Amino acid sequence: MTMARPNLDPELRELLADMPLMSELTPEVLAHLRQLPSTPIESLLEHRQVHRREITVPAKDGTPIPLSVLSPAHTDRSTAAPCIYWMHGGGMVMGDRFSQIDIPLEWLDRVGAVVVSVDYRLAPEATGTVLVDDCYRGLLWVAQHAAELRIDPARIIVAGASAGGGLAAGVSLLARDQGGPAIAAQMLICPMLDHRNATTSSRQYSRTPGVWTSEMNAFGWRSLLGDLGDAEVSPYMSPSLAQDLSNLPTTYIDTGSAEVFRDEDTDYATRIWAAGGQAELHVWAGGFHGFDALYPQAHISTTARRTRIDWLTRLLG
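This one's a predicted model, so the numbers in the text were calculated from it and none came from an experiment. (Residues numbered from 1 in each chain as written. Predicted model: local features only at pLDDT ≥ 70, side-chain atom pairs only at ≥ 80, totals over all residues. Heavy atoms only, no water.)

## Things to note about the overall build of the protein
Tallying secondary structure elements over the protein gives 12 helices and eight strands in all. In terms of C-alpha radius of gyration, the protein reaches 18 Å, essentially the compact-globule figure of 20 Å for 317 residues. Principal-axis analysis of the C-alpha atoms gives the protein an extent of 60 × 45 × 40 Å. Considering only residue pairs separated by 6 or more positions, the protein has 76% of its internal contacts joining residues 24 or more positions apart. For the protein, the exposed area adds up to about 13300 Å²; of that, 52% sits on carbon and sulfur atoms. Where the 25 positive side-chain charges of the protein centre and where its 37 negative ones centre are 3 Å apart. (Helix = DSSP H or I, 4+ residues; strand = E, 2+ residues; numbered from the N terminus. Rg over C-alpha atoms; globule rule 2.2 N^0.38 Å. Contact = heavy atoms within 4.5 Å. Areas by Shrake-Rupley, 256 points an atom, 1.4 Å probe, with all protein chains shown as cover. Lys, Arg positive; Asp, Glu negative; His and termini not counted. Charge placed at Lys NZ, Arg CZ, Asp CG, Glu CD.)

## Things to note about the layout of surface pockets
Here the largest pocket is characterised by a volume of approximately 1200 Å³. Elements with a minimum of two residues in the lining of the largest pocket: helix H2 (27-35), helix H4 (102-111) and helix H11 (291-294). Element by element, the count of residues in the lining of the largest pocket is highest for H11, at three residues. Split into classes, the residues belonging to the lining of the largest pocket amount to 20 nonpolar, 12 polar and four charged. (1 Å grid on protein atoms, 1.4 Å probe; cavity = no way out; pocket = protein on both sides within 12 Å on 5 of 7 lines; lining within 4 Å. Points joined across faces, edges and corners; volume = space filled by probe spheres on them. Nonpolar A, V, L, I, M, F, W, Y, C, P; charged D, E, K, R; others polar.)

## Structural notes on unusual backbone geometry
The omega torsion across Ala 123 and Pro 124 is 5°, close enough to zero to call that bond cis. With respect to the helices and strands, the residue Pro 124 is situated in the loop between strand S4 (114-118) and helix H5 (130-144). Despite not being glycine, Arg 150 shows a phi value in the positive range, around 60°. As for its placement among the helices and strands, Arg 150 is situated in the loop between helix H6 (146-149) and strand S5 (151-161).

## Digging into empty space enclosed by the protein
Taken as a whole, this structure holds two cavities of 30 Å³ or more when the rule is applied. Approximately 50 Å³ is the volume attributed to the largest cavity. Along the walls of the largest cavity sit Ile 189, Cys 190, Asp 254, Thr 255, Gly 256, Glu 259, Trp 284, Phe 288, Gly 290, Phe 291, Asp 292 and Arg 308, which together make up its complete lining. Elements with a contribution of two residues or more to the lining of the largest cavity: strand S7 (250-256) and H11. The element that contributes the greatest number of residues to the lining of the largest cavity is S7, accounting for three residues.

## Here we look at the sheet that holds strand S1 (residues 50-58)
The mixed open sheet is built from eight strands, whose spatial order is S1-S2-S4-S3-S5-S6-S7-S8. Looking at strand neighbours, the two that pair on one side only are S1 and strand S8 (279-284), the edges of this open sheet. With strand direction ignored, the average angle separating the axes of adjacent strands in the sheet is 15°. Two elements, strand S6 (residues 185-189) and S7, share five bridges in a ladder whose sense is parallel. Across the sheet, the residue bridging to Met 187 is Tyr 252, located in S7. (Pairing = 2+ DSSP bridges. Axes fitted to C-alpha atoms, helices over the stretch in contact; angles between N-to-C directions.)

## Brief notes about the packing of H4 against helix H12 (residues 299-316)
H12 packs onto H4 with a crossing angle of 45° between their chain directions and a minimal axis gap of 11 Å. As judged from the angle between their axes, H4 and H12 are oblique. Once H4 is placed against H12, the crossing between them reads as right-handed. Contacts between H4 and H12 involve Asp 102, Ile 103, Glu 106, Trp 107, Arg 110 and Val 111 from the first element and Arg 305, Arg 308, Ile 309, Leu 312, Thr 313 and Leu 316 from the second. Grouping the amino acids of the contact of H4 with H12 by side-chain chemistry returns six nonpolar, one polar and five charged. (Parallel < 35°, antiparallel > 145°, perpendicular 65-115°, else oblique. Left-handed = near helix turned anticlockwise from the far one by under 90°.)

## Quick look at H12
If you check H12, its first and last C-alpha atoms are 26 Å apart, about what 18 residues at 1.5 Å a residue would give, namely 26 Å. Of the positions making up H12, those classed as buried are Ile 300, Ser 301, Thr 303, Ala 304, Arg 305, Thr 307, Arg 308, Ile 309, Trp 311, Leu 312 and Leu 316. (Expected span 1.5 Å × (residues − 1). Buried < 20%, exposed > 50% of the residue type's maximum accessible area, 1.4 Å probe, protein only.)

## Some thoughts on the pattern of salt bridges
Within the structure shown, the criterion is met by 20 salt bridges. Between Asp 61 and Arg 121 there is a salt bridge, with its nearest N and O atoms 3.0 Å apart. Of this pair, Asp 61 sits in the loop between S1 and strand S2 (64-72) while Arg 121 sits in the loop between S4 and H5; the two residues are 60 residues apart in sequence, bridging distant segments of the chain. Here Arg 121 falls in the partly exposed class, since its relative accessible area comes to 23%. Across the salt bridge formed by Asp 152 and Arg 155, the nearest N and O atoms sit 3.2 Å from each other. The exposure class of Asp 152 is partly exposed, given its relative accessible area of 21%. Judged by its relative accessible area of 24%, Arg 155 is partly exposed. When salt bridges that share partners are traced, they join Asp 102, Glu 106, Asp 254, Asp 292, Arg 305 and Arg 308 into one network. (Salt bridge = Lys/Arg side-chain N within 4 Å of Asp/Glu carboxyl O.)

Set out below in structure tokens:
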């Protein structure tokens, strides 16, 4: 029996009509998706004055983890800039450090932030805490090289979309629990937070083609968890498991009313408030998963993006 679900935003529904949708991911489909070309970073940088630097940092096991450092070239480089530490989306199983990079590049343009994007390893080739550990190691390097990067270590913001939003939440928990770098804020865009995949919104977006469905979500989590049982899943991997959400950086969460992560994202914000923390939550009516990344020209997308920039501007003064 199909559950009732919120209607899509009319403009998004019209745009989505031309997109091939599916309900499930398989290893064969994943292999195909990984081969599709992505937007070249050069095309996004060609009309911007940006210094680009490519480096690698060692993971826990010594594997080199690539980082891209994108700094505004037109600002006073004697003044320490804020930093956006970006984790891309892709369900834990696809994407690279340039996926959705147009989102933080807007923040570079508007608030003069240095953007550092991390190329964490992907499931199922990497499992368990490897992905979040890769991201955390990159954050440690950024904080340790703040002076060299001319960034203000008191204004480092971790941010990500979808899987990257979940990883950003995990990185914030790690930094809190391990006495790691001070994080000024976390920007969680439609974050993937809960491996249990058992909310009402998870059930609403099941057995129907979509951008990201409950079945696709289950595939992503199975790929990440490998042989781990529920009792072995770390809250750094699945942040909704964290019992204590106190003493986290100020948080921005947004999601769509018509997507699988709606309820786990709303619950995460509610629990931060319950722990005495500060969170700003936006649930965009009729928004499906990743709507503003896929269709940035839509009215709801421009509003969502502008609202994030407004929040960053307030945060950074």
